[in-house]
Amino acid sequence: MKRKRFKQRGSLVATSIAVLALTVSTLGPVPVRAEDGATTQLPPSMIEELEQWKKGVYVEFRNLRIGLSEQPRLKDGIMMVPARELLIGLGYTLSWNASDRSLHATKPDQSRPELLIRDGRSELQAGGKSVAGGTASFIDDGKLWIPLRATAQSIGLKVEWVPQNRLAVVSDPLATPQFRIMTLIPGQVVETPSVLLEQLKKAAKADAEITWVGPDHYRQKSMVMIAAGDMPSIMLFDHPYFIPNDITESITVNPGPYLDDYPTLKKLAEEGPGSRYLNGDPYFIPRLSDPHHASFPAIRKDWLDKLGLIAPSTMDELYEVMKAFANYDPDGNGKDDTYGLTGAMFGEQSIAWVEHVFTGRPERFSIKNGQVIDHAVSEEETKALQWLAKAYQEGLVDPEFAVLGSQQVIERLENDTAGLASLTIEQSAEQSEDDAVWVPLGSLKADSSSASIAPWNSAGNGSYIISVMAKEDPDLLLQWLNYGIETTLKGGWSKLEGWSAADQAAVNSLFGQPDLLQHNPVLDTLPEKVLDQYKASVEQWRKVSYEDSAFPEAELLWSQGKYIELRDELNMNKTKVIMGAISIDEWKTYQQKLVETDSYLAMMKELNELLKARQ
């Protein structure tokens, strides 16, 4: 049965494909990291197309609502654009005199000078004064083409030339400053948060053009924009260490000189989860975050109730629940078509939480006694794989797990395929519709003598950088961020007239969530009794912390392209163990050989050097 979903709809802004394409650097094929750790490259066809675009000239309009249907043209070294599209976009009223082939343009509110432009003449008139155009206007295919710089400057606009991108940037110096920001949303699209955008524009005296991008392609899009030289002024890194130090420093403005004016931002940049230092200075502004806001096992409570079962707290108890889900028709359709567990091998909906339960740590690497520990070569890792292999062999695990992506996992849950999966608290709530009731497990441990685990995000909730490509004063951008983050901390947004769930969802995306139970519009859709179970689970999680052992800097190795083969081989062997392609004894032999290889020893040495650099 397909369940109806709570969805976010609409798109706020379309990124300029032309600008993105034309400004690509001469780096050649650019490595792009996918969510499963694989490395891909921009296709040759795209590189060829971008190289062709680089031969032209281009224009970008900032804080101006102007769209051109054709690319600008060069005539005698002067950039020419279609007159009608430019001037109508600026609010002019046009009249054409066929007898002398002249265009007369006036502003009804007289806020800009009236223009007179003649076909075949190199000068134009603005406010009755003659202005040199540099080359003659001309008509082609019924359109009058006019010199961009001369026309724009004659009516008070600013024109800047960016030679490395062959790009003219046209802006209105008297208009409200406008800048671009790109951030991450949990889903794929977002409903327009009208109240929020208006308040931000009013309070920060800046107009933000926001691009929201879903998680499936966020990192790939970020890499392409960086390579293309088309970064927004403010850009979210989904992980603070996914770009190497040298590249990060070259594309990022050091906000340090400005942060003394913004104590809240300074504290976040220096101490917040997701902060990052370059040459001793904090370069990132983390979004507000609750450290327990991460994917974690959630279960079909309605299936538990139907089968007379209680929520499991150990892996043995969970195994028995999975057997019941797989064998006793919990969805009541009379078919043998359910599994105990579904998930992907990698990504947000991965089955890596099983490793987390047995190793007691949410990530592969952690810190113990001042050293970096690799849990992938531990005895506990082997126990986790044994548990998964047994469950897979007995038909309790979705057989497609090795090829599923995160979105495919969600779709399988919507179709009642399994009763257990790793979900964020919002994803769990979104699945609780119609007869389905999903709840996150509050307590889960390897056995009765083990410590309970909890969801944890050591890298924070994403971190913002100020791009070196920003044309705006960094102080303006930080002022905008500071207003948004401080208002979020004070809980001031919901007091605005007309405030909606869409506005709150956008705030959570832009500025983060310091408490995942507060101001969470998705949880507000839950029945009170179900919501109480969510709150109880979160209270359990808050008894657990991994702050002292977390080591997010390990991501730097993968971002630098180091030890990728070693990592991929490890993941491949994990999958083989689960699917029964290799035995547990063969896995143990692999572990023993792995830790003795030169590559592995070099990797661990580098990781410990990163730890020393932190201290």
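Look up: the structure comes first, before these words.
The structure presented is a predicted model; accordingly, all values stated were derived computationally and were not measured. (Residues numbered from 1 in each chain as written. Predicted model: local features only at pLDDT ≥ 70, side-chain atom pairs only at ≥ 80, totals over all residues. Heavy atoms only, no water.)

A word on the overall build of the chain. Looking only at helices and strands, the chain has 22 helices and 26 strands in total. Relative to its length of 615 residues, the chain is compact, with a C-alpha radius of gyration of 28 Å against a globular reference of 25 Å. The buried share of the chain, taken over its 615 residues, is 53%. A separation threshold of at least 6 residues defines the contact pool for the chain, and within that pool the share at least 24 residues apart is 71%. (Helix = DSSP H or I, 4+ residues; strand = E, 2+ residues; numbered from the N terminus. Rg over C-alpha atoms; globule rule 2.2 N^0.38 Å. Buried < 20%, exposed > 50% of the residue type's maximum accessible area, 1.4 Å probe, protein only. Contact = heavy atoms within 4.5 Å.)

Another point: the side chain of Asn571. Position of Asn571 among the secondary structure elements: in helix α20 (residues 564-579). Of the residues examined, Asn571 reaches a relative accessible area of 13% and is grouped as buried. Dropping the residues within four chain positions of it, Asn571 is found in contact with Met345 and Phe346.

Another aspect to go through is the packing of helix α16 (residues 474-490) against helix α17 (residues 501-511). Contact pair α16 / α17: the axes reach a minimum separation of 10 Å and the direction vectors enclose 120 degrees. Relative to α17, the element α16 lies oblique. Both α16 and α17 take part in a crossing whose hand is left-handed. For the pair formed by α16 and α17, the contact residues are Trp480, Leu481, Gly484, Ile485 and Thr488 on the first element and Val507, Leu510 and Phe511 on the second. Residue classes in the contact of α16 with α17 are distributed as 6 nonpolar, 2 polar and no charged. (Axes fitted to C-alpha atoms, helices over the stretch in contact; angles between N-to-C directions. Parallel < 35°, antiparallel > 145°, perpendicular 65-115°, else oblique. Left-handed = near helix turned anticlockwise from the far one by under 90°. Nonpolar A, V, L, I, M, F, W, Y, C, P; charged D, E, K, R; others polar.)

With that settled, the discussion passes to the sheet that holds strand β4 (residues 73-75). One open sheet accounts for 4 strands, arranged β4-β5-β12-β11; its pairing is antiparallel. Only two strands of the sheet have a single partner each, and these edge strands are β4 and β11 (138-140). Taken over all neighbouring pairs, the strand axes of this sheet differ in orientation by 40 degrees on average, direction set aside. Of the pairings in the sheet, the one linking β4 to strand β5 (residues 78-82) comprises 3 bridges and is antiparallel in character. Note on β5: the bridge partner recorded for Lys75 is Ile78. (Pairing = 2+ DSSP bridges.)

A full pass over the atoms with the stated rule returns 27 salt bridges. Across the salt bridge formed by Asp119 and Arg101, the nearest N and O atoms sit 2.9 Å from each other. Here Asp119, found in the loop between β8 (115-118) and β9 (123-126), pairs with Arg101, found in the loop between β6 (93-97) and β7 (102-106); they are 18 residues apart in sequence, far enough to count as distant. Of the residues examined, Arg101 reaches a relative accessible area of 40% and is grouped as partly exposed. (Salt bridge = Lys/Arg side-chain N within 4 Å of Asp/Glu carboxyl O.)

Buried residues dominate strand β14 (residues 167-171), accounting for 5 of its 5 residues. Relative to β14, strand β3 (residues 58-62) runs parallel, the two sharing 5 bridges. Paired with Val59 across the strands is Ala168, a residue of β14. Note: strand β13 (residues 158-162) against β14, 5 bridges, orientation antiparallel. Counterpart to Val159 in the pairing with β14 is Val170. Hairpin connection between β13 and β14: a loop of 4 residues separates the two successive antiparallel strands, and Arg166 in this loop has a positive phi of roughly 50 degrees.

Here we come to helix α18 (residues 528-541). With 14 residues, α18 extends 20 Å from end C-alpha to end C-alpha; this agrees with the ideal 20 Å at 1.5 Å per step. Taken residue by residue, α18 has Val530, Leu531, Tyr534, Ser537, Val538 and Trp541 as its buried positions. Buried residues of α18 fall within an arc of 115 degrees about the axis and therefore sit on the same side. What points out from α18, more than 90 degrees from its buried face, is the exposed set Glu528 and Lys529. (Expected span 1.5 Å × (residues − 1). Arc of directions from axis to C-beta.)

Time to look at the packing of aromatic side chains. Under the counting rule described, the total for this entry stands at 15 aromatic pairs. Between the aromatic rings of Trp353 and Trp387, the centroid separation amounts to 6.4 Å while the plane-to-plane angle is 70 degrees, which identifies the pairing as edge-to-face. Here the residue Trp353 occupies a position in helix α12 (residues 353-359), and Trp387 occupies one in helix α13 (residues 379-393), the gap between them amounting to 34 residues. With respect to class, Trp353 is no different from Trp387; both count as buried. Ring centres of Tyr483 and Trp493 lie 5.8 Å apart, and the angle between their planes is 90 degrees; this geometry places the pair in the edge-to-face category. Of this pair, Tyr483 sits in helix α16 while Trp493 sits in the loop between α16 and α17; the two residues are 10 residues apart in sequence, bridging distant segments of the chain. (Phe/Tyr/Trp six-rings, centres within 6.5 Å; stacked < 30°, edge-to-face > 60°.)

Moving on to the sheet that holds strand β21 (residues 296-300). The strands making up a sheet associate through backbone hydrogen bonding, with each pair oriented either parallel or antiparallel. Read from one edge of the open sheet, 3 strands run β24-β21-β25, paired in antiparallel fashion. What marks the edges here is a single partner per strand, and that holds for β24 (420-423) and β25 (438-440). Taken over all neighbouring pairs, the strand axes of this sheet differ in orientation by 35 degrees on average, direction set aside. When β21 meets β24, the two strands line up antiparallel, connected through 4 bridges. Each bridged residue has a counterpart across the sheet, and for Pro297 the counterpart in β24 is Ser422. Along the sheet, α18 makes contact with β21 and β25, crossing β25 at roughly 20 degrees.

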